[in-house]
Each structure stands twice: as C-alpha cells, then as structure tokens.
Amino acid sequence: MTRASTTARTLADLVAAGVLPPTAAGDPALAQVARDYAIAVTPDLLDLIEGAPAGDPIARQFIPTAQEATTTSDELTDPIGDHTFAPVRGIVHRYPDRVLLKPLHACPVYCRFCFRREQVGPGGDMLDDAGLEAALDYIATHPDVWEVVVTGGDPFMLSPRRIARIVAALDATAHVAVIRFHTRVPVVEPARVSDALVAALKTTRAAVYVGVHCNHARELTSAARTSLATLADAGIPLLSQSVLLRGVNDSVEALEALFRALVAARVRPYYLHHPDLARGTSHFRLSIDEGQALMRALRGRLSGLCQPTYVLDIPGGYGKSPIGPTYVGDPASDGQRTIEDFRGDRHDYPAR
Ligand code: SF4
C-alpha cells in the first residue's frame, strides 16, 4: 500500500499517513518536539513502517516521540564540535589532510537521532554562490587537503547542476585526490539517483566515493538496491555509515543482516558510529561496553568484508577514535602476548 505521494513534514501529515495515532496531533509534548526538531519522512520510508516507534526499527528512526523532549545534562547542541573547526562558512577543517564541505543543511528525511539536528532542517543554512565560491577557495588555497567529504545536510538534495559545479571545481584542484559524498538519498529517496546525478559525479582526475547512511537491512528495499547499483555500475565505490541505535539495530542479528545486505548491494561497511550526545537522543544510546560486545559477536559470524570500524566522535571536536574490542592480551612478564581467536579462545604469541 502506498501511504503518501509527498514527504510528511508535520504531525498532521504523519497522522494522515497512518503512522501516528489521531491523538498525536494534539499531544503538547509531541508538539514541542516538532517545534524543536524538523520532521521529514519520505513516501518510500512511510511505506516501510510497520508499527509504532517502540517496536519498529524504521518508525523509530524517523517518527518523532515525546522521549525527544528529555535532554540530559551531558547532551550538546554541537556534539562533534563542528563549530570549533569552521574557518569559513561551509567548511570544517578538523584533520590536517581532509575537510568537510557542507553546501546545505537540508535532508530528505530528518533522523530522530541526528548529530546535527540543531543545524539541519527545511530552513537550514545553504551556501549561496558567493559562499560556495569562498568555501571552494579555502580548499584551493590549502594544499594539505587531500580529501574533501561533501556532506551537510545531504548533498544529493542539490540539483545535479550544482553538484557538477562542486565536482568540477574540486576535480580542477590538483591536491584534492578524493571527493567523498555522504548521503542518505539512495536509501530514503532512491528515485533521486538519476542519470543526471550520476553524470554530475563524473571526474577526469579525482576519485569519487559515495558513503551511504543506512542503519537497518529493511531500508535496503528493491528500489534502494537499484539506486545503489546505478552508482556502482557507474564505477563509483560505495561505503556505508551506520549508527548503532537502541531499538533499531542493537542486536547481533540486526547488525549481521545489515552488513550482509550492504555487502550484497556492493556497499562496503565503513563505520559503525557510537551514537553522539545530541540533545533529546538518550533513548537511542547504548553503552560502549554493549557496543563492544556486539562487535565481538560479529567477529565470529561475518567475514572481514562485512566488518565496519566501530568509532566514536569525541565530544568537543577531537575527532573519531576506533573503540572496538581488542584481541591482544596484556604483555606477560616475559613479554609474551596472547591473541584471542574468533571463538574467544586465547593463544600465545612470541614477544618478537
Ligand atoms: S540524513 Fe544525516 S544529517 Fe540528515 S537528519 Fe539524518 S543523520 Fe542528520
């Protein structure tokens, strides 16, 4: 059944689409959440929803709940410290060899756990022509920038013409070797992956990668897999980014199904993010111990091709660190080490 032909952007739209009960429209707590954080759920996702957010991993990611009204004392408006490293509008320069380029702060959907939820939304900042030129000029005048991560918001929301403008400018910048787009579009609005979009990603020199945000195997519908195949068939390497989320993918079975489905769709699992300390998202967070236990269980079940790196963005803008379990024991008195195998058994390994 097709629930809607347009993106749901209000509580009333979600009620009309049948994914919230009629009482939700008059719920004051939910109304406050809707004022604080943007709503957007595409028709593709509305069709995937099978129940209430408490029990459905798709609804839980996109349908607002009153739980978002709770802000804990450790939550932050800028959880990964973007603002600390923004030398010009639209650029985040945190690591020496790469920058984020953020041409817009709009997305096709607004995830309820979003780490940039204070910045993204339909009225979100968008670089005008002069702003985009200034951001591209920053990259052109910083020869250490080897990789540009085009993110936002979702850069695949831009017109193919504007994407082509960005790609051409970066392709013409000799020190930029890699242009990496981060997007949720192929999964949540696959029809946007058009021939014009693929043509806009064409370069003459720099390598283009696409990182796809996907958190549950059910998101990889037939239409989503077709859009990913369109990109892969154009020779674009595909990576995934997933967020570890309570009630969405916090079981070894859900993660195994997700990573197998991604690899089968020619998407290499890249990062599994520990959830950030974004405001109103405590109901999504797991402990690091729980995340490590899940990664350890996956090690015994999945090939290396299906294993992402489990990472945490350190609050304050200090960057990502891998936080997965270790398989190397502490040195013994003779320096001997032990290495744990995928069954959990330990084996000696010489000190040198
Ligand atoms: S697509 Fe990304 S930036 Fe947009 S709301 Fe979701 S997590 Fe945030």
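Reading the values: the criteria
- Residues numbered from 1 in each chain as written.
- Predicted model: local features only at pLDDT ≥ 70, side-chain atom pairs only at ≥ 80, totals over all residues.
- Heavy atoms only, no water.
- Near = heavy atom within 4 Å.
- 1 Å grid on protein atoms, 1.4 Å probe; cavity = no way out; pocket = protein on both sides within 12 Å on 5 of 7 lines; lining within 4 Å.
- Sits in = over half its atoms within 2 Å of the grid points.
- Nonpolar A, V, L, I, M, F, W, Y, C, P; charged D, E, K, R; others polar.
- Pairing = 2+ DSSP bridges.
- Helix = DSSP H or I, 4+ residues; strand = E, 2+ residues; numbered from the N terminus.
- Axes fitted to C-alpha atoms, helices over the stretch in contact; angles between N-to-C directions.
- Polar contact = N/O pair within 3.5 Å; in protein donor to acceptor, adjacent residues only side chain to side chain.
- Contact = heavy atoms within 4.5 Å.
- Phe/Tyr/Trp six-rings, centres within 6.5 Å; stacked < 30°, edge-to-face > 60°.
- Buried < 20%, exposed > 50% of the residue type's maximum accessible area, 1.4 Å probe, protein only.
- Lys NZ or Arg CZ within 6 Å of the ring centre and 35° of its normal.

J.: Just checking my understanding: could you explain the site of the ligand for this structure?
T.: Neighbouring residues of the ligand: C107, V109, Y110, C111, C114, R184 and H213. In this structure, the ligand is accommodated by the largest pocket. A breakdown of the residues in the shell around the ligand according to their chemical character gives 5 nonpolar, 1 polar and 1 charged.

J.: Can you help me understand the sheet that holds strand β2 (residues 98-101) in this one?
T.: Sheets are built from strands that pair by backbone hydrogen bonding, the pairs being arranged parallel or antiparallel. A sheet is described by the order of its strands in space; here 9 strands give the open sequence β1-β2-β3-β4-β5-β6-β7-β8-β9, paired in mixed fashion. Of all strands in the sheet, those with a lone pairing partner are β1 (91-95) and β9 (319-322), marking the two edges. Strand-to-strand twist across the sheet, computed as the mean angle between neighbouring axes with direction ignored, equals 30°. By the bridge criterion, 3 bridges tie β1 to β2 in an arrangement that is antiparallel.

J.: Looking at this structure, how should I read the side chain of D82?
T.: Inspection of the secondary structure puts D82 in the loop between α4 (57-62) and β1. A polar contact is formed between the side chain of D82 and the side chain of K102, at a distance of 3.5 Å. Sequence-distant contacts of D82, that is, excluding residues within four places in its chain, are made with V92, R94, L100, K102, R116 and Q119.

J.: Is there a simple way to think about the packing of aromatic side chains in this case?
T.: For any pair of aromatic rings, the description rests on two quantities: the centre-to-centre distance and the angle between the ring planes. Applying the stated criterion to the full structure yields 3 aromatic pairs. Seen from their ring centres, F113 and F284 are 5.7 Å apart, and the 75° between their planes marks the pair as edge-to-face. Residue F113 is found in the loop between β2 and α5 (129-140), and its partner F284 is found in the loop between β7 (267-273) and α11 (288-299); the two are separated by 171 residues along the sequence. F113 sits in the buried class, given a relative accessible area of 8%. For the ring pair F156 and F181, a centre distance of 5.6 Å and an interplane angle of 40° mean the geometry is tilted. Of this pair, F156 sits in the loop between β3 (147-150) and α6 (160-171) while F181 sits in strand β4 (residues 178-183), and the two are 25 residues apart along the sequence. By relative accessible area, which is 2% here, F156 ends up buried. The ring of Y95 has R98 lying over it, and the distance from NZ or CZ to the ring centre is 4.1 Å.

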